[in-house]
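Topology and contacts: notes
For reference, the chains in residue letters:
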Amino acid sequence: MPELPDITVYIESLQSRIAGQTLEKIRVASPFLLRSVDPPITEAENKRVLDLRRIGKQILWELEKELFLVFHLMIAGRFHWRQRGVKVSGKVGLAAFDFPNGTLLMTEASTKKRAALHLVKGEPSLRQFDRGGLEVLDASLEQFTSALLKENHTLKRTLTDPRLFSAIGNAYSDEILHRARLSPLHQSQKLTAGEISRLHTAAQETLGEWIARLRAQAGTSFPEKVTAFHPEMAVHGKFGKPCPVCGTAVQRIVYVENECNYCPHCQTDRKILADRSLSRLLKDDWPRTIEELEQNPGLTDLRHLEHG
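Reading guide: rules and limits
- Residues numbered from 1 in each chain as written.
- Predicted model: local features only at pLDDT ≥ 70, side-chain atom pairs only at ≥ 80, totals over all residues.
- Heavy atoms only, no water.
- Salt bridge = Lys/Arg side-chain N within 4 Å of Asp/Glu carboxyl O.
- Helix = DSSP H or I, 4+ residues; strand = E, 2+ residues; numbered from the N terminus.
- Buried < 20%, exposed > 50% of the residue type's maximum accessible area, 1.4 Å probe, protein only.
- Pairing = 2+ DSSP bridges.
- Axes fitted to C-alpha atoms, helices over the stretch in contact; angles between N-to-C directions.
- pLDDT = per-residue confidence, 0-100.
- Contact = heavy atoms within 4.5 Å.
- Expected span 1.5 Å × (residues − 1).
- 1 Å grid on protein atoms, 1.4 Å probe; cavity = no way out; pocket = protein on both sides within 12 Å on 5 of 7 lines; lining within 4 Å.
- Points joined across faces, edges and corners; volume = space filled by probe spheres on them.

Moving on, we get to the pattern of salt bridges. Per the stated rule, a full pass over the model turns up 15 salt bridges. Close ionic contact of Glu-224 with Arg-82 constitutes a salt bridge, the shortest N to O distance being 2.9 Å. Residue Glu-224 is located in the loop between helix 5 (193–218) and strand 10 (251–255), and its partner Arg-82 is located in strand 6 (residues 77–82); the two are separated by 142 residues in the primary sequence. Between Arg-163 and Glu-151 there is a salt bridge, with its nearest N and O atoms 2.9 Å apart. Of this pair, Arg-163 sits in the loop between helix 3 (155–159) and helix 4 (170–180) while Glu-151 sits in the loop between helix 2 (141–148) and helix 3; the two residues are 12 residues apart in sequence, bridging distant segments of the chain. According to the relative accessible area criterion, Arg-163 is partly exposed, its value standing at 35%. Linked through salt bridges whose partners overlap, the residues forming this network are Arg-53, Glu-62 and Glu-123.

Below is the structure:
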C-alpha cells in the first residue's frame, strides 16, 4: 500500500501535471471503484483542478464548484501518466482521467478490488475521510508522545493505526522500528522517555529521508513503479538477508496478508519472536534466540517453505 513517502511524491508529480488543468472526462472501467453516487461522477467533468492534498493515505483533488475527488489506492492501486485518450486496460484498469495534456490511468493489480474513489461536495464532507492520525513529520515530541501513549498496543500496531498516526503502513513501520532499535512487539505504554524520543526521531528521519529518496528517483518523470519493497530498505521485505547494521539475518512474523520484518540483534535483544503458525507447529523446537536458530539451519529453510 502506498504510504506517506509514496503518496507525497504522487501528489507532487500530479501537481505539476494537472493543477490548473481542466478534467475533461472520467472513464470508470471497474464497477467496484466508485463508492459514491451523489453528486454523480459526471459532475466532476469539465471542472478545473484547483489543488491537490492528502488526508491520511487518501489523495484529494479539489475541483471547481467545491467538488472533491478522493482516491484511496489501498494495497494494489496505482497511478500512471499516459498520452491523452489512452485506453483503459481490461485486466487491471480501473479508470482514466483525461486532461488536455495527458491521461491519468488508475490501475489495481489484484483480484480483490479494494481501491476506492469518492466524489463529494463541500469542505465539511471531507471529515468522513479523516481518521485523526497525527502527522509525524510536523509533530513535536510532546504531540508524538501523546499519540503513542493514547492506547496500549504493540509498536507495530500503534504506528500503523490511522487513528493514531497518519499514513504509516507496513513497510515504513518496519524501517522506523529498525532505526529506533525497538521490537515491533514492545508495548507502547511500556516505553521509557528515552525510547519514545528515539522512536520520534527515527520516524521523522525515516519518512523524511524516503521522501527525498523517492523524489530524487522520480526526478521530472512520473513515479510509475511505486512499491513497498526497495533495495535500500534495511529490513522490510529482507527476510533471511543480512541486517545492514550488524549482519544478522532479518527475521519476520507473518500474519494475515502482511508480515513484520525485524533484526533480532538490533531490535529484540537477540530473541526470535514467535510466529503464530510456525511456533505452534514446532512447539518446543521453536528457536528463541539467534544462537538456537544458527545451530539449527534447517529451521530457516522450513520458515522459507512455510511462508513462500
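Strand order in this open sheet of four strands is 2-7-8-6, and the pairing throughout is antiparallel. The open sheet has two free edges, formed respectively by strand 2 (25–28) and strand 6, since each of these has just one partner strand. Each strand of the sheet is rotated relative to its neighbour by a mean of 15°, with strand direction disregarded. Looking at chain direction, strand 6 and strand 8 (residues 102–108) are connected through six bridges and run antiparallel. For Phe-79, the partnering residue across the bridge sits in strand 8 and is Met-106.

Turning our eyes to something else, we now look at the sheet that holds strand 5 (residues 67–72). The strand order across the open sheet built from five strands is 1-3-4-5-9, with neighbouring strands paired in antiparallel fashion. Both outer strands of the open sheet, strand 1 (22–23) and strand 9 (116–121), are each paired with one neighbouring strand and no more. As paired strands, strand 1 and strand 3 (residues 47–55) are joined by two bridges and run antiparallel to one another. Directly across from Leu-23, in strand 3, lies its bridge partner Lys-47.

Before going further, it helps to spend a moment on the pairing of strand 5. Across the six residues of strand 5, six count as buried, placing the element largely inside the fold. Here strand 5 shows two buried faces, one formed by Leu-67, Leu-69 and Phe-71 and the other by Phe-68, Val-70 and His-72. Hairpin geometry of strand 4 (residues 58–63) and strand 5 is characterised by an intervening segment of three residues between the two adjacent antiparallel strands and by a positive phi of about 65° at Lys-65. Across six bridges, strand 5 lies against strand 9 in antiparallel orientation. Within strand 9, the residue paired with Val-70 across the bridge is His-118.

Before going further, it helps to spend a moment on the confidence of the model for the protein. With 89% of its residues at a pLDDT of 70 or more, the protein has an overall mean of 91. Note on residues 278–287: pLDDT is under 50 here. Beyond four places in sequence and across chains, it has 22 contacts. Confidence drops under pLDDT 50 across residues 298–308; counting only partners more than four residues distant or on other chains, this segment forms 23 contacts.

For the rest of this paragraph, the subject is helix 1 (residues 4–18). Compared with an ideal rise of 1.5 Å per residue, which puts 15 residues at 21 Å, helix 1 spans 20 Å between its outermost C-alpha atoms and is within 8% of the ideal. Within helix 1, 12 of the 15 residues are buried, leaving the element largely enclosed by the surrounding structure. Taken together, the buried positions of helix 1 are occupied by Leu-4, Pro-5, Asp-6, Ile-7, Thr-8, Val-9, Tyr-10, Ile-11, Ser-13, Leu-14, Arg-17 and Ile-18. Gly-20 sits one or two positions beyond helix 1 and adopts a positive phi of about 85°.

Before going further, it helps to spend a moment on the layout of surface pockets. Taken as a whole, the largest pocket holds about 1,200 Å³ of empty space. Along its surface, the largest pocket is lined by 45 residues, and Met-1, Lys-57, Ile-75, Asn-170 and Asn-258 are the ones closest to its centre. Listed by contribution, the elements that provide at least two residues to the lining of the largest pocket are strand 3, helix 4, strand 10 and strand 11 (258–262). With three residues, strand 10 is the single largest residue contributor to the lining of the largest pocket.

Turning to the environment of Leu-4, a few remarks are in order. Examined against the element boundaries, Leu-4 turns out to sit in helix 1. Along the chain, Leu-4 and Ser-166 lie 162 residues apart, while their C-alpha atoms are 7.9 Å from each other. Beyond its immediate stretch of four places on either side in the chain, Leu-4 contacts Arg-54, Leu-137, Ala-167, Leu-207 and Ile-211.

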